[in-house]
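Inside the fold
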Amino acid sequence: MEDTLEDLNKKVDEKVNDMVENEAQKEFMRYAFLENPKTALGRLVSGAWKKFREWWDEHKREAVEKKTRESVLEKLAELKRETSEQPRKQIMPKKQRGPELE
């Protein structure tokens, strides 16, 4: 019982820490996308984000975009191939029932 309780407490602590970290990341990104930040922290984070985006667009974007596009197109081709190999199921229309009492 004690091992189970200790394990549960450890998992709860990990989950709480993950949730807190997630909130910190959300807050950071909120600052990063501000157009005209008013606080020193907002200006710092926003400026760092803009510098990073410039660097990313210049050095990494093209390669990542190419790799992602190839991956998506490959997956699409695979799904098309799977779809064409499967026999089509005919959809049987439901019989329309007229008014029961006329």
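Quick caveat: nothing in here was measured; it's all calculated off a predicted structure. (Residues numbered from 1 in each chain as written. Predicted model: local features only at pLDDT ≥ 70, side-chain atom pairs only at ≥ 80, totals over all residues. Heavy atoms only, no water.)

Below, the discussion takes up the overall build of the protein chain. Check the secondary structure of the protein chain and you find three helices and zero strands. A globule of 102 residues ought to have a C-alpha radius of gyration of about 13 Å, yet the protein chain, at 27 Å, is considerably larger. Each principal axis of the C-alpha distribution contributes one length, and for the protein chain these read about 75 × 55 × 40 Å. Within the span of the protein chain, comprising 102 residues, buried residues form 6% of the whole. (Helix = DSSP H or I, 4+ residues; strand = E, 2+ residues; numbered from the N terminus. Rg over C-alpha atoms; globule rule 2.2 N^0.38 Å. Buried < 20%, exposed > 50% of the residue type's maximum accessible area, 1.4 Å probe, protein only.)

So, on to the packing of aromatic side chains. For any two aromatic rings, the description comes down to two numbers: the centre-to-centre distance and the angle of the planes. This model, assessed by the stated rule, comprises four aromatic pairs. Seen from their ring centres, F52 and W55 are 5.9 Å apart, and the 35° between their planes marks the pair as tilted. In this pair, F52 and W55 are both assigned in helix α2 (residues 40–59), three residues apart and thus about one turn of the helix distant. Since its relative accessible area comes to 37%, F52 is described here as partly exposed. Look at W55 and you get partly exposed, because its relative accessible area is 39%. Among the aromatic residues, those joined into a ring-pair cluster are F33, W49, F52, W55 and W56. Geometry around Y31 places R30 over its ring, the cationic atom sitting 4.9 Å from the centre. (Phe/Tyr/Trp six-rings, centres within 6.5 Å; stacked < 30°, edge-to-face > 60°. Lys NZ or Arg CZ within 6 Å of the ring centre and 35° of its normal.)

Right, let's talk about a nonpolar patch on the surface for a bit. Taken together, L5, L8, V12, V16 and V20 make up a surface patch of nonpolar side chains, about 440 Å² in accessible area. With respect to the element layout, L8 can be found in helix α1 (residues 2–32). (Patch = residues over 30% accessible without salt bridge, like charges linked within 9 Å, V, L, I, M, F, W, Y side chains within 5 Å. Areas by Shrake-Rupley, 256 points an atom, 1.4 Å probe, with all protein chains shown as cover. Salt bridge = Lys/Arg side-chain N within 4 Å of Asp/Glu carboxyl O.)

In this model, α2 (20 residues) spans 28 Å end to end at C-alpha, consistent with the 28 Å of a helix rising 1.5 Å per residue. Taken as a whole, α2 has its buried residues at G42, V45 and S46. Viewed along the axis of α2, the buried residues span an arc of 95°, placing them on a single side of the element. For α2, exposure combined with an orientation more than 90 degrees from the buried face picks out A40, L44, K51 and E58. (Expected span 1.5 Å × (residues − 1). Arc of directions from axis to C-beta.)

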